[in-house]
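If you want the building blocks of each chain, they are given just below.
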Amino acid sequence: MSTRIEPMTDHAARRDKSAARAEDESLLPLVVAALTAAGERLVGRFSTEPRLGSREEVFAALAASDAVSLEAIREPLSRARPGAGWVEDELGCGPLPPGEWWVTDTVEGNINHVHGMTDWCVTATLVRDDEPVLTAVHLPLSGDTYTARKGAGAYLGTRRLRASAKTKLDAAFVGTGQARPDEDRETHRRIGESVTAMLGSALVLRVSVPATLQLIQVAAGRMDVFWQYSKIRSGLVAGALLVAEAGGAVTDTRGDRWTLASEDFLAAAPQLHAGAVGVLSTVR
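Note that the coordinates shown come from a computational prediction; the quantities given were computed from them, not determined experimentally. (Residues numbered from 1 in each chain as written. Predicted model: local features only at pLDDT ≥ 70, side-chain atom pairs only at ≥ 80, totals over all residues. Heavy atoms only, no water.)

A.B. asks: What should I look at first to understand the side chain of Q228 in this one?
C.D. replies: Tracing the chain through its elements places Q228 in strand β10 (residues 225-228). Residue Q228 is classed as buried on the basis of its relative accessible area, which comes to 3%. For Q228, the residues in contact, after removing those within four places along its chain, are T176, G177, Q178, A179, A211, L236, D264 and F265. (Helix = DSSP H or I, 4+ residues; strand = E, 2+ residues; numbered from the N terminus. Buried < 20%, exposed > 50% of the residue type's maximum accessible area, 1.4 Å probe, protein only. Contact = heavy atoms within 4.5 Å.)

A.B. asks: Teacher, can you tell me more about the pattern of salt bridges here?
C.D. replies: Side-chain pairs of opposite charge can arise where the charged atoms are in close proximity. Under the counting rule described, the total for this entry stands at 20 salt bridges. Between E75 and R79 there is a salt bridge, with the nearest N and O atoms lying 2.4 Å from each other. Residue E75 and its partner R79 are located together in helix α2 (residues 55-80), separated by 4 residues, close to a single helical turn. For E100, the salt bridge identified is with R128, shortest N-O distance 2.8 Å. Here E100, found in strand β2 (residues 100-108), pairs with R128, found in strand β3 (residues 121-128); they are 28 residues apart in sequence, far enough to count as distant. The pair formed by E100 and R128 is uniform in burial state, with each residue classed as buried. (Salt bridge = Lys/Arg side-chain N within 4 Å of Asp/Glu carboxyl O.)

A.B. asks: Is there a simple way to think about the nonpolar core in this case?
C.D. replies: The tendency in soluble globular proteins is for nonpolar side chains to be buried as a group. Core analysis: the biggest nonpolar cluster contains 34 residues, and V137, Y146, L161, L242, W258 and F265 have the highest contact counts within it. Listing elements by their share of this core, those giving two or more residues are β3, β4 (131-139), β5 (144-149), β6 (153-156), α5 (211-219), α6 (237-245) and β12 (265-268). With residues near it in sequence (within four places) discarded, F265 still touches L215, F226, W227, Q228, L236, A240, V250, T251, D252, T253 and W258. By size, the runner-up hydrophobic cluster in this structure holds 22 residues, among which are I73, V107, A124 and L126. (Core = buried A, V, L, I, M, F, W, Y, C linked by side-chain atoms within 4.5 Å.)

Next comes the structure, spelled out in structure tokens:
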């Protein structure tokens, strides 16, 4: 006796998607709670007093802060989504295997945290079949939390976010930055050429780290364009979903659809996207 497997009907597919959205909606408060707990631990370690004297001390401090945050995040997220994988390497690149994966940055902007600067946050993003579907970005020092679910909008707390309505690049506040220490010379060249090119086109340019803290500004309409020559998942997936759900455009620097396999990244207000692509396309 053979068993026939019927193809999924449109109705069944819609039902499955609706169930997944409902699960994601109930999951989001648990993600926010985990990030808030991690943030409280990191605030306890935060100091504005200079205390690092060498490269070795910097990297030891980075590792210690990561470990403290990970201890607060991993168990509750794994319990909330037991079938989801966990991306171990925060600097990992490229597509993920099929299914669900947690992509986190336990201290996004850790270099700022250990040097006593305030530009850092904690992020967690659920990636399903290589697409970010749910994310939360928590800023412990301010208490702000940015969230997004695919198809459900992006929010700062309960306030819905909207990308900038600017129409001309000469009025734009734009930004970029390096993705990690010790980038290769080719990436350094591209960063430098892109900064020079954009300085001649945009109103003002910001170069800083981390990427997520610029991307939340693009999602909120406070900044207009962000690009980065990077494939590092943990620095891009949260901001990519926030910007897309706020009505912004998310592609690579040539204007093609952005995926985890893309070589670089561009997020922009919708009416500035073509202009940004035009400028960045001059970078070899």
